[in-house]
Every structure is written in structure tokens, then in C-alpha cells.
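Descriptive analysis of the structure
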Amino acid sequence: GQSQLLEKWLRHDKLNCSEALGDLMMEYDVSTAFFVYLCAECHSKASMLLKTEKLNEEELLDLAKTVLQQGQSQLLEKWLRHDKLTCSEALGDLMMEDDVSKALFVYLCTESHSKAINCFVQCGKYEKIVPYSTSAGFKVDYSTMFNNLFFPILKGHWNLPNVL
């Protein structure tokens, strides 16, 4: 109720985020306090919260969006590597917009095989596709993979006759 209203005001810049506000929110709602710390760019306090608190998937995605908007994707990577965040396919999808290699890490953790293979393709790491799919016991749909790889390239050339 009230914490959701506070979060809404914070997201729409109706209130200023501060470390003091985050400290105050710790008494009422940890996830809102976490959000306040991130908005106030108190990353060390947010990191300390991750040591003691577990975020649900919705909170985790909100956290990831905020951190990515602040251009702090290295924080997500650090938290993931130190098992402070739980990997999910939705998190990988969100990270895909920012950094394919970081999304690949998440997809490998969640065993999202087709998305991991798509990342290998986008990164140009074609030599890793067969060993990965074999070790994961995953049958690659090469037809779809090739379409996804070449269709965007060919699409741009379909307008070539019209330009000439």
C-alpha cells in the first residue's frame, strides 16, 4: 500500500532519493529501501542489503532496470557472479538489451539453451554452439538460427533495387 505509493512517487521524481530516506524505509519495507538506495546511488548500502535479504523476481527485475538505467551494469554482473541475485530468463532478456555477453551468462545459468545459442551467434562465437548444445543435450534448430542470423542482413538489401 504505502510503500507502493512511495515507490511510485520516487519513480516519477515527486520525492528526492537520499541515503537517509533509504535508512528510514529499512524500518518499513526492505525492497523500497533497496530501491531508494539505488536511486540515491548508494550502491554500497544496496550491496549490503543483498547480503541479508532475498529479492523476489519482480523486485529483482525492478532492481535490474534501475541499475541498467543508471549505466551500472557492472554492479549486476558483480552481484550475479557472487550469487547475490538469482538468475532468471526474464533477467537475461532484460540484460540482452544492454550487453549480450552478460545476458549469455544469465542464460547459461538458467539453462535457456536456445537463448544462449542466440547469444553465441550474436557474439560471433559460432565454434561454441555445437559443444554447448552437445553438453546440454539440446537439439539446435539450425534453420531458425540461420534465419535469425541472415534475415536482418538480407532485409536491408531488399530495398537496394528501389534505391538504384
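An account of the accompanying structure is given in this report. (Residues numbered from 1 in each chain as written. Predicted model: local features only at pLDDT ≥ 70, side-chain atom pairs only at ≥ 80, totals over all residues. Heavy atoms only, no water.)

What the protein chain contains, in helices and strands, is twelve helices and zero strands. Element order for the protein chain, N to C, with α for helix and β for strand: α-α-α-α-α-α-α-α-α-α-α-α. For the protein chain, the proportion of its 164 residues judged to be buried stands at 36%. For the protein chain, contacts bridging at least 24 residues in sequence account for 37% of all contacts bridging at least 6. Just so you have it, the protein chain exposes about 10,200 Å², and 53% of that area is on carbon and sulfur atoms. (Helix = DSSP H or I, 4+ residues; strand = E, 2+ residues; numbered from the N terminus. Buried < 20%, exposed > 50% of the residue type's maximum accessible area, 1.4 Å probe, protein only. Contact = heavy atoms within 4.5 Å. Areas by Shrake-Rupley, 256 points an atom, 1.4 Å probe, with all protein chains shown as cover.)

What follows covers helix α8 (residues 100-109). Along α8, the residues classified as buried are Val 100, Lys 102, Ala 103, Leu 104, Val 106 and Tyr 107. Against α6 (73-81), α7 (89-96) and α9 (113-122) lie the buried residues of α8. Just downstream of α8, Glu 111 is the residue with a positive phi angle, here 55°.

Here the focus is helix α5 (residues 57-69). Its 13 residues give α5 an end-to-end C-alpha distance of 18 Å, which sits within 8% of 18 Å, the value for a rise of 1.5 Å per residue. If you check which residues of α5 are buried, you get Leu 60, Leu 61, Leu 63, Ala 64, Thr 66, Val 67 and Leu 68. With its phi angle positive at about 70°, Gly 71 sits one or two positions after the end of α5. (Expected span 1.5 Å × (residues − 1).)

On to the pattern of salt bridges. Working definition: two side chains of opposite charge can pair if their charged atoms are close together. All told, the structure shown has five salt bridges when counted by the stated rule. For Lys 115, the salt bridge is made with Asp 93, and the minimal N-O distance between the two is 2.8 Å. Pair noted here: Lys 115 is in helix α9 and Asp 93 is in helix α7, with a separation of 22 residues, a long-range link. Among the charged side chains, a salt-bridge network with shared partners connects Glu 77, Arg 81, Asp 99 and Lys 102. (Salt bridge = Lys/Arg side-chain N within 4 Å of Asp/Glu carboxyl O.)

Glancing now at the side chain of Ser 112. One can find Ser 112 in the loop between α8 and α9. Classification of Ser 112 by relative accessible area gives buried; the value is 7%.

Let us now look at unusual backbone geometry. With phi around 55°, Glu 111 is a residue other than glycine that occupies positive phi space. Topologically, Glu 111 is positioned in the loop between α8 and α9.

For Ser 133, the location among the structural elements is in helix α10 (residues 129-136). Beyond its immediate chain neighbours, meaning those up to four positions away, Ser 133 contacts Ile 117, Phe 138 and Val 140.

On to the packing of α9 against α10, then. Across the interface, α9 lies against α10 with an axial gap of 10 Å and an inter-helix angle of 165°. Viewed along their axes, α9 and α10 adopt a mutual orientation that is roughly antiparallel. α10 is crossed by α9, and the crossing has right-handed handedness. Side by side, α9 and α10 meet where His 113, Ala 116, Ile 117, Phe 120 and Val 121 of the first sit next to Ile 129, Tyr 132, Ser 133 and Ala 136 of the second. (Axes fitted to C-alpha atoms, helices over the stretch in contact; angles between N-to-C directions. Parallel < 35°, antiparallel > 145°, perpendicular 65-115°, else oblique. Left-handed = near helix turned anticlockwise from the far one by under 90°.)

Turning next to the environment of Leu 104. For Leu 104, the position within the fold is in helix α8. The spacing of Leu 104 and Ile 117 is 13 residues in sequence and 8.4 Å in space, taken between C-alpha atoms. With residues up to four places along the chain from it excluded, the contact list for Leu 104 reads Ala 116, Cys 119 and Phe 120.

Ranked by size, the top nonpolar core spans 37 residues in total, and within it Phe 34, Leu 63, Leu 76, Trp 79, Leu 85 and Leu 91 carry the most contacts. Of all the elements in the fold, those that place two or more residues in this core are α3 (30-39), α4 (43-52), α5, α6, α7, α8, α9 and α10. With six residues, the single largest contributor to this core is α5. Once residues lying within four places of it in the same chain are set aside, the contact partners of Leu 63 are Phe 34, Leu 38, Leu 55, Trp 79 and Leu 85. (Core = buried A, V, L, I, M, F, W, Y, C linked by side-chain atoms within 4.5 Å.)

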